[in-house]
2 protein chains.
Amino acid sequence: MPVTTEVLEASLLKKSRGVPDSGVSPRSASSPLLAAAEPLPEEIPLEALKKTVLPSPAPALPPVVVEITNGCGGGDEHGHPRKFVMGRNMHGSCLQITEPELNDKETGEKEAYMSAVLAQYKEILVERTKFHLGYPYNLDFNYGALAELQHFSINNLGDPFIESNYGVHSRQFEVGVLDWFAHLWELEKDEYWGYITNCGTEGNLHGILVGREVLPDGILYASRDSHYSVFKAARMYRMEAVKVDTLLSGEINCDDFRKKLTDRKDKPAILNINVGTTVKGAVDDLDLVIQILKEVGYTEDRFYIHIDGALFGLMIPFVKRAPKVSFKKPIGSVSVSGHKFMGCPMPCGVQITRMKHINMLSRNVEYLASRDATIMGSRNGHAPIFLWYTLNHKGYRGFQKEVQRCIRNAHYLTDCLREANFGVMLNELSSTVVFERPQSEALILKWQLACQGKIAHAVIMPSVTVEKLDAFVVELIQARNASIADGNVTIQCIVEEVGANNCACSLHRGARVNSWTKDLGMDGVHMETEI
Amino acid sequence: MPVTTEVLEASLLKKSRGVPDSGVSPRSASSPLLAAAEPLPEEIPLEALKKTVLPSPAPALPPVVVEITNGCGGGDEHGHPRKFVMGRNMHGSCLQITEPELNDKETGEKEAYMSAVLAQYKEILVERTKFHLGYPYNLDFNYGALAELQHFSINNLGDPFIESNYGVHSRQFEVGVLDWFAHLWELEKDEYWGYITNCGTEGNLHGILVGREVLPDGILYASRDSHYSVFKAARMYRMEAVKVDTLLSGEINCDDFRKKLTDRKDKPAILNINVGTTVKGAVDDLDLVIQILKEVGYTEDRFYIHIDGALFGLMIPFVKRAPKVSFKKPIGSVSVSGHKFMGCPMPCGVQITRMKHINMLSRNVEYLASRDATIMGSRNGHAPIFLWYTLNHKGYRGFQKEVQRCIRNAHYLTDCLREANFGVMLNELSSTVVFERPQSEALILKWQLACQGKIAHAVIMPSVTVEKLDAFVVELIQARNASIADGNVTIQCIVEEVGANNCACSLHRGARVNSWTKDLGMDGVHMETEI
């Protein structure tokens, strides 16, 4: 049955049961995480504390943009001056450190002040965690059983497989996690090497460095939609980098890749392949890329493929019809983030590569009694225990269920937005919903949407429920309504970003839906724009 | 009054009140951190659990060393085959992840198994934390007030001074910490930029990268005793690197530096200056280095100095007569670790550089609504809160007291070892005590000593008490006694590492102390070898 916008709005408003419409929500006094806020000592003005800790109810000012025109690398690739976003002055709102007083009374007051700051900060964390859609972080975890580990300085310095003399480590957990991932990606225990990284960037830095050490003259190929850390790696490592065009979906354009590879076929190729791009959640066609390499004449010793599976590397094994990430194919390394789909208090990632590659970047460091194959020396020993705990609890079956629910919810959000006449796109294998950038900055900040140009996205993680999506859509519609003075709104054209089938602007809606009004009937639109 | 070895031993044995002499100590059942170990379900063999979690009582097997002789970068700088330490097989002792069962009863058993693993692991952490001397980590901290933060995925992604749209961050704490350090090193708020890193390596990678972006043709100069991450950076960044000789103390040899700089004076210079080398805790003479740069003809726009103050960067401001680290001198960046002298559950560091340099490695990344000046993208938001908490609690005065105590205790250990006729060295400005590598591997592992060649060191941190040092010296003496079959022991010559004044071997002790026996009088030795 066709759903009108009015019906949808009413239904969502009903479902959302009183979600507030301001940018900052009232505190959830019933949250089990919240201790009752301690009364502040009289000497410390509450307003000053609020100013420094609480988020501003008004939208934050945009950062200052300046043009850099000097010759020191400031220009872009075409020689145009590059715009840099300069630092917003955080000094006014930061929590200044003060020297403790010798006087006992004042010290007691300082303790009270610090407790109050921390209590209020925790409230903010609860609020900000509740309203969050834009970043691919699963915020739903419970590591209460691991709370006591915070008392220890756990450091897996150096190589996970070689114990250093420092005894407060968690290598036994780390290698358990690595084994699990090596098995997932079909590499035998004696043929892989890996470690737990600090984040997705470290994974890409490591994979591309291994590629460069194996093929020192290699050219890096990566699609324009690759994570920015890939091009940062090329700059850091002084490698030639070739940006490959993308399809509308965000996938690498294999025709363009073939052309650019053929033009440079005298040099080895190092490839970054995305399993879930940052903005559109697109999955590059690994099999087609390998086929092209072979057709252009590359033998396996002349190319190295790094898979950036930051978000989707752990989801794709559980999606039907998805291409398989496997070391049975000629790939060199895979990285996935631990704080994204799995969920972890701090950023971390898992890096798996072939043992045979690893000596390329190793050297002896007797101080650590270890080879030096990791990017970082000291390594967070807590993250492996968090991952070990989650993997043991959820297992393959648990992840499978969560992936299915995320993709179902992503389809739900896409349908809601399409029915409400927003431009929206969802890649078949993804849980990243791309849509028009909302006009309300307050709404963007409240829901913590990641934006790029004219588009924003919501990444549907296990912590995102249907109720949350309903509340979001209601606010999105309300914000659009509020911006309409004359009863009409011009919908922004995002055809270049999402294609004609997914754009809701007057031109691409054609004659039938050339303007959006509050009582516009939406019959039939839903089905026509299905991707 | 002169102290004989016998008297010293007896005194230490008495003070140590029954420290066990085996490699593994009995569990401290009274520790407040330990929950009573839960009984294991019958199906899970306790022995198997012990095997996987508990450290082996026997000394671990040495790692397998193989020679790499192929042409893929395996050789050293002289073309000799390089020895690589291969991975010890950790798969046998790791904590394997198992798929959760659907059956409720079995799931309950798995929960019990995991609880038991974690409870035993916590006991090990307590033990390993208790006996630790070799690494520069302050293991004495109490962040109980911050325990609830573990429920949140705190991520300061991108630049600390530019808020991203992700709301669950701790930038207000991070900038507070950065302000404190910028003030310590005398750089104004509007002239510095910095961030909280994952470890000392990230600080060095960042500082040297900034240097290379400012001076793209620059040659990296660093002393042989620099942290291995400095030379790793040069390899990663494809920079020419020149190793400068060191003095016996571990400081950079400025004569050698002058010569090598003069030979290459047509190229800009990027310098890594150590404020506390890894092995000997030596402090390079920054002022002399700057003077040489000027004498050789370098203006300030042709050199960049990065200060690696991993350990001592926070200690040196509180040491009288120590050279000052200050941005009033022509330096470009300073890094210090957060988990070392300050103490933090996970590795972290503080990086401060000049704002004017930072645009050299920035570029616009709209996805983050931020410039890209950090090495890592996602960044641990917990570490800044730990540091903020410690800085507020201890302040300058607190650190000053702790530094004084550490240096006093380092002198105490040095005196004890010298009196017991061990070769030992302590740099004037340091709390790192260098001594002969003990012959007992079990003792090295128990006390987690970091070793290099013939020497080992103990780094005296605030968590190292006199009682702990007494226990250590007693065990060191006992281990040496145990190795003496015929009543005589040959003391290893470490003259190349610590110099004739500090070596205790028969040759360098001369006629007076040409062999060590259990009843050797030590009169006068102490004073003569004072450094």
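Residues numbered from 1 in each chain as written. Chains lettered and ligands numbered in written order. Predicted model: local features only at pLDDT ≥ 70, side-chain atom pairs only at ≥ 80, totals over all residues. Heavy atoms only, no water.

**A closer look at the confidence of the model for chain A**
Residue and element names in this part refer to chain A.
In step 1: Mean pLDDT over chain A works out to 81, with 76% of the residues at or above the 70 mark.
In step 2: Contacts of residues 1–86 to residues separated by more than four positions or lying in other chains number 142 contacts, the stretch itself having pLDDT below 50.
In step 3: For residues 364–369, every residue scores under 50 in pLDDT, and the model assigns this stretch 24 contacts once sequence neighbours within four places are set aside.
In step 4: This complex was scored by the predictor with a pTM of 0.83 and an ipTM of 0.83. (pLDDT = per-residue confidence, 0-100. Contact = heavy atoms within 4.5 Å.)

**So, the nonpolar core**
In step 1: Phe181(A) and Phe181(B) are the most contacted members of the largest nonpolar core, which has 232 residues in total.
In step 2: Not counting residues within four places of it along the chain, the set of residues in contact with Phe181(B) comprises Leu314(B), Val336(B), Met342(B), Val350(B), Ile352(B) and Leu391(B). (Core = buried A, V, L, I, M, F, W, Y, C linked by side-chain atoms within 4.5 Å. Buried < 20%, exposed > 50% of the residue type's maximum accessible area, 1.4 Å probe, protein only.)

**Digging into the sheet that holds strand E9 (residues 349–354) of chain A**
All names here are of chain A.
In step 1: The strand order E3-E9-E8-E7-E6-E4-E5 describes an open sheet built from seven strands, whose pairing is mixed. The outermost strands of the open sheet, each flanked by one partner alone, are strand E3 (192–197) and strand E5 (241–244). Strand-to-strand twist in this sheet, taken as the mean axis angle between neighbours without regard to direction, amounts to 15 degrees.
In step 2: Contacts between helix H4 (residues 171–184) and the sheet are confined to E3, strand E8 (333–337) and E9, with E3 contributing the most and set at about 120 degrees to the helix. (Pairing = 2+ DSSP bridges. Helix = DSSP H or I, 4+ residues; strand = E, 2+ residues; numbered from the N terminus. Axes fitted to C-alpha atoms, helices over the stretch in contact; angles between N-to-C directions.)

**Some points on the sheet that holds strand E12 (residues 424–426) of chain A**
The strands making up a sheet are joined through hydrogen bonds of the backbone, oriented either antiparallel or parallel.
All names here are of chain A.
In step 1: Across the sheet, four strands lie side by side as E12-E13-E15-E14; this open sheet has antiparallel pairing. Of all strands in the sheet, those bounded by a partner on one side alone are E12 and strand E14 (450–452). The average undirected angle you get between the axes of adjacent strands in this sheet is 25 degrees.
In step 2: Here E14 pairs with strand E15 (residues 455–459) via three bridges, running antiparallel. Paired with Ala450 across the bridge in E15 is His457.

**Digging into the packing of aromatic side chains**
In step 1: Inspection of every chain in the model, using the stated rule, returns 40 aromatic pairs over all chains.
In step 2: Between Tyr166(A) and Tyr137(B), the aromatic rings sit 4.8 Å apart at their centres with planes inclined by 85 degrees, giving edge-to-face as the arrangement. Placement of the pair is Tyr166(A) in the loop between helix H3 (104–130) and H4 and Tyr137(B) in the loop between helix H3 (104–130) and helix H4 (171–184), with the two residues belonging to separate chains.
In step 3: Given the relative accessible area of 3%, Tyr137(B) is considered buried.
In step 4: Between Phe318(A) and Phe399(A), the aromatic rings sit 6.4 Å apart at their centres with planes inclined by 25 degrees, giving stacked as the arrangement. Of this pair, Phe318(A) sits in the loop between strand E7 (303–308) and E8 while Phe399(A) sits in helix H10 (residues 382–419), placing them 81 residues apart in sequence.
In step 5: Among the residues examined, Phe318(A) registers a relative accessible area of 11% and is labelled buried.
In step 6: Ring pairs connect the aromatic residues Trp180(A), Phe181(A), Trp185(A), Phe318(A), Phe341(A), Tyr396(A) and Phe399(A), which therefore count as one cluster.
In step 7: Of note, Arg302(A) hangs over the ring of Tyr298(A), and the distance from its end group to the ring centre comes to 4.7 Å. (Phe/Tyr/Trp six-rings, centres within 6.5 Å; stacked < 30°, edge-to-face > 60°. Lys NZ or Arg CZ within 6 Å of the ring centre and 35° of its normal.)

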